[in-house]
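# Summary of structural features
The primary structure of each chain is shown beneath.
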Amino acid sequence: NLGYVNLARHITADSKDVDWNSLKQTVKHAVRFQDNVIDATPYFFDQNKDQQLSERRIGLGTLGLAEMMIRLGIRYGSEESVKFIDKLYQFIAITSYETSVELAREKGAFARFDAEKFVKSGFMKSMPEYIQNLVAEYGIRNVTILTQAPTGTVGTMVGTSTGIEPFFSWKYFRKSRLGVHEEHIKIAKDWLETHKETEQLPNEFVTAMELTPEEHVRVQAAVQRWMDSAISKTCNAPSDYTVEQTK
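My aim in this report is to walk through the structure given alongside it, one point at a time. (Residues numbered from 1 in each chain as written. Predicted model: local features only at pLDDT ≥ 70, side-chain atom pairs only at ≥ 80, totals over all residues. Heavy atoms only, no water.)

## Some details on the overall build of the protein
- Of regular secondary structure, the protein possesses 10 helices and 4 strands.
- The principal-axis extent of the C-alpha atoms belonging to the protein is close to 60 × 45 × 40 Å.
- Counting the 247 residues in the protein, one finds 43% classified as buried.
- Residue pairs at least 24 apart in sequence account for 72% of intrachain contacts in the protein once pairs closer than 6 positions are excluded.
- As displayed, the protein has an accessible area near 13900 Å², and 51% of this comes from carbon and sulfur atoms.
- Treating the 30 positive side-chain charges of the protein as one cloud and the 33 negative ones as another, the clouds have centres 4 Å apart. (Helix = DSSP H or I, 4+ residues; strand = E, 2+ residues; numbered from the N terminus. Buried < 20%, exposed > 50% of the residue type's maximum accessible area, 1.4 Å probe, protein only. Contact = heavy atoms within 4.5 Å. Areas by Shrake-Rupley, 256 points an atom, 1.4 Å probe, with all protein chains shown as cover. Lys, Arg positive; Asp, Glu negative; His and termini not counted. Charge placed at Lys NZ, Arg CZ, Asp CG, Glu CD.)

Written as C-alpha cells, this is what we have:
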C-alpha cells in the first residue's frame, strides 16, 4: 500500500522555498487516502485481511526530490542539501504522524497498538515529545507510515526524478514497445533553451554519475532518519572501485 508525494509540485511561485502549506495538505490527504485503501481493498484470504487490519500498515514516500532541489538551487549531495533534506523529511514525518493520530481519534488505533511499546520504539524516540505524548494519549492509526520506494515507473510517467534519486542523465536512450527513442529531461532542456549563450548547466544540475558514492550515501542517511519502515537508494560507484574503496 504505497503512495508518493511529488515534491517538485510543492515549490513557491518564485522558486525560493518549499510551499510548506501545500506540502502539509498533500501529506495529510495522502495518509488519509492510503488508510482508506486498507478498507477498500478486497481480501481473498482471511489471513491477509486479519494481518492488514490488525496493523493498518501504509507506505507514504516521495518522488521529485532531485527536481525540487534543482529548482531551489541546491546541489544534490552537498552539505546544504543534507541540511535541507533533514528539514524536509522531518516535516513530512511529523505531518504524517499528526494525521495518523487524528485518524486514530476519529476511527480508532490499529488493533495491535500498545501505547507503551510503541512510544518506546526506536523511531518514536527521534520524534518531537509532543508527538510522543499525542500517540500515548490517543493512539495511532497505522503501525508504520513512511516507506521510500524506488518509483521508477511512476516518476518516469509523471516526468520527474524518481524516488530520492538524482536524475540519471540529462538525455538517454529508452527502449519501449514502440522501439528505441532518445529522452531529454525537461528541466535541463528548458534551462538550456532559455540560456542559449551557454551550454554549461549550473552547479545544482548534477546527475547520478557525477556524484561520489559518499554523496549518495549522505543523501540516503538524511532521508532514512525520517523513515519508519523501508528505504530504497542506489549509490553508484565507479566500475574500477577496489574492495577497500567500497568498504
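## Side note on the packing of helix α4 (residues 79–107) against helix α6 (residues 129–138)
- Viewed as axis vectors pointing N to C, α4 and α6 meet at an angle of 20°, and their least axial separation amounts to 10 Å. Taken as axis vectors, α4 and α6 run roughly parallel relative to one another. For the pair α4 and α6, the sense of crossing is left-handed. Across the interface between the two elements, Ile94, Tyr97, Glu98, Val101, Ala104 and Arg105 of α4 pack against Tyr130, Ile131, Leu134, Val135 and Tyr138 of α6.
- Residues belonging to the contact of α4 with α6 are distributed by class as follows: 9 nonpolar, no polar and 2 charged. (Axes fitted to C-alpha atoms, helices over the stretch in contact; angles between N-to-C directions. Parallel < 35°, antiparallel > 145°, perpendicular 65-115°, else oblique. Left-handed = near helix turned anticlockwise from the far one by under 90°. Nonpolar A, V, L, I, M, F, W, Y, C, P; charged D, E, K, R; others polar.)

## A look at the environment of Phe205
- Tracing the backbone shows Phe205 in the loop between α8 (186–194) and α9 (213–224).
- Classification of Phe205 as buried rests on a relative accessible area of 8%.
- In the structure, Phe205 is positioned 17 residues away from Ala188 in sequence and 7.6 Å away in space, judged by C-alpha atoms.
- With residues up to four places along the chain from it excluded, the contact list for Phe205 reads Ile70, Trp170, Ile187, Ala188, Trp191 and Glu210.

## Some thoughts on the packing of aromatic side chains
- By the definition in use, this model includes 8 aromatic pairs.
- Measuring from centroid to centroid gives 5.4 Å for Phe167 and Trp170, while their planes differ by 45°, and the two rings are tilted.
- Given a relative accessible area of 6%, Phe167 falls into the buried group.
- One aromatic cluster is present, formed by Phe167, Trp170, Trp191 and Phe205 through successive ring pairs.
- Residue placement shows Arg105 over the ring face of Tyr138; its charged tip is 3.8 Å from the ring centre. (Phe/Tyr/Trp six-rings, centres within 6.5 Å; stacked < 30°, edge-to-face > 60°. Lys NZ or Arg CZ within 6 Å of the ring centre and 35° of its normal.)

## Observations concerning the environment of Tyr97
- Of note, Tyr97 is situated in helix α4.
- A relative accessible area of 1% means that Tyr97 is categorised as buried.
- Spatially, the C-alpha atoms of Tyr97 and Phe110 are 13 Å apart, while their sequence positions differ by 13 residues.
- The contacts of Tyr97, once residues within four sequence positions are left out, are Phe118, Phe123, Met124, Met127, Ile131, Ile140, Ile145, Leu146 and Asp228.

## Concerning the packing of α4 against α9
- Between α4 and α9, the shortest axis-to-axis distance is 8 Å and the interhelical angle comes to 25°. Looking at the two axes, α4 sits roughly parallel to α9. In the packing of α4 onto α9, the handedness of the crossing is right-handed. Contacts from Val82, Ile85, Asp86 and Tyr89 in α4 reach Arg218, Val219, Ala222 and Val223 in α9.
- Among the residues making up the contact of α4 with α9, the classes are represented as 6 nonpolar, no polar and 2 charged.

## Thoughts on the environment of Pro238
- With respect to the helices and strands, Pro238 occurs in the loop between α9 and α10 (243–246).
- Given the relative accessible area of 40%, Pro238 is considered partly exposed.
- Placed 25 residues apart in sequence, Pro238 and Pro213 show a C-alpha to C-alpha distance of 8.5 Å.

None of this, on its own, says anything about what the molecule does.
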